[in-house]
Amino acid sequence: MVQAYILIQADMGKAKTVAATCAQLSGVLAAEDVTGPYDVIVRAEAPSVDELGKLVVSKIQDVDGITRTVTCTVVR
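Each residue is numbered by its place in its chain's sequence as written, counting from 1. Under the rules for a predicted model, residues below a pLDDT of 70 receive no local features and side-chain atom pairs below 80 are neither given nor counted, while totals for whole chains, interfaces and linings still include all residues. Water and hydrogen atoms play no part in the side-chain values, which are based on all heavy atoms of the structure.

### A look at the sheet that holds strand S2 (residues 28–33)
Piece 1. Any two strands are treated as partners once DSSP identifies two or more bridges connecting them. Working definition: helices are DSSP H or I runs of at least four residues, strands are E runs of at least two. Numbering for both runs from the N terminus. Taken in spatial order, the four strands line up as S2-S3-S1-S4 in an open sheet, and their pairing is antiparallel. Since the sheet does not close on itself, it has two edges, and those belong to S2 and strand S4 (66–73), each with one partner. Across the sheet, the axes of successive neighbouring strands diverge by a mean angle of 20°, strand direction being ignored.
Piece 2. In terms of strand pairing, strand S1 (residues 2–10) meets strand S3 (residues 40–46) through seven bridges, oriented antiparallel. Within S3, the position partnered with Ala4 by the bridge is Ala44.
Piece 3. Docked against the sheet, helix H1 (residues 15–23) engages S1, S2, S3 and S4, running at close to 170° with respect to S2. Where helices are involved, their axes are fitted lines through C-alpha atoms of the stretch in contact, as for all axes, and angles between N-to-C directions lie from 0 to 180°. Working rule for contacts: check all heavy atoms of both residues, and any pair within 4.5 Å makes them a contact.

### Remarks on the UniProt feature "domain: Transcription regulator AsnC/Lrp ligand binding" (unreviewed entry) in the protein
Piece 1. UniProt annotation of "domain: Transcription regulator AsnC/Lrp ligand binding" (unreviewed entry) refers to residues 7–75 when read in the numbering used here.
Piece 2. Taken end to end, residues 7–75 is 30% helix and 36% strand, and its two terminal C-alpha atoms sit 16 Å from one another. UniProt positions are given in the numbering used here, feature names are shortened, and annotations may be inferred rather than shown by experiment.

### Considering H1
Piece 1. Residues Ala15, Val18, Ala19 and Cys22 constitute the buried set of H1. Seen end-on, H1 carries its buried residues on one side only, within an arc spanning 100°. Turned more than 90 degrees away from the buried face of H1 sit Lys16 and Thr17, all of them exposed.
Piece 2. Summarising the contacts, the buried residues of H1 are in contact with S1, S2, S3, helix H2 (49–60) and S4. Here's how the labels work: a residue is buried when its accessible area is under 20% of the maximum for its type, exposed when over 50%, partly exposed in between, all with a 1.4 Å probe on protein chains only. Read the arc as the range of directions from the helix axis to the C-beta atoms.

### Remarks on H2
The α-helix winds at 3.6 residues per turn, so residues separated by three or four positions along the chain end up facing the same way.
Piece 1. Taken together, the buried positions of H2 are Leu52, Leu55, Val56 and Ile60. The buried residues of H2 all sit within an arc of 90° when viewed along its axis, so they share a single face. Residues of H2 that are exposed and point over 90 degrees away from its buried face: Asp50 and Val57.
Piece 2. In this structure, the buried residues of H2 make contact with S1, H1, S2, S3 and S4.

### Re the nonpolar core
Piece 1. In this text, buried Ala, Val, Leu, Ile, Met, Phe, Trp, Tyr and Cys residues form a nonpolar core when linked through side-chain atoms within 4.5 Å. With 22 residues, the main nonpolar core has Ile8, Val18, Cys22, Val42 and Ile60 as its most contacted residues.
Piece 2. Of all the secondary-structure elements, those providing two or more residues to this core are S1, H1, S2, S3 and H2.
Piece 3. Residue contributions to this core peak at five residues, all from S1.
Piece 4. Excluding its chain neighbours within four sequence positions, the residues that come into contact with Ile8 are Val18, Cys22, Tyr38, Asp39, Val40, Val42, Ile60, Ile66, Arg68 and Thr69.

Right, here's the structure in full:
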């Protein structure tokens with residue numbers, strides 16, 4: 001399994017909704033709205049790097065209110 005943290009910037013006032021929507025996606029282990037330079041941090045897991053990329057590009061980045069993402073892959 002490949003894991004990653006996805007750092008998300010969201011439209012003003014939409015962090016809580018973005019986090020709740022992301023938390024419902026298959027492959028997302030956790031999604032929290034936070035303070036700081038990013039509005040939401042998602043922890044995700046997939047069977048391969050390719051599947052992780054598909055999760056980020058076709059599901060997470062498609063969530064309404066997201067303006068930018070940065071994916072940080074976990075190294076073990």
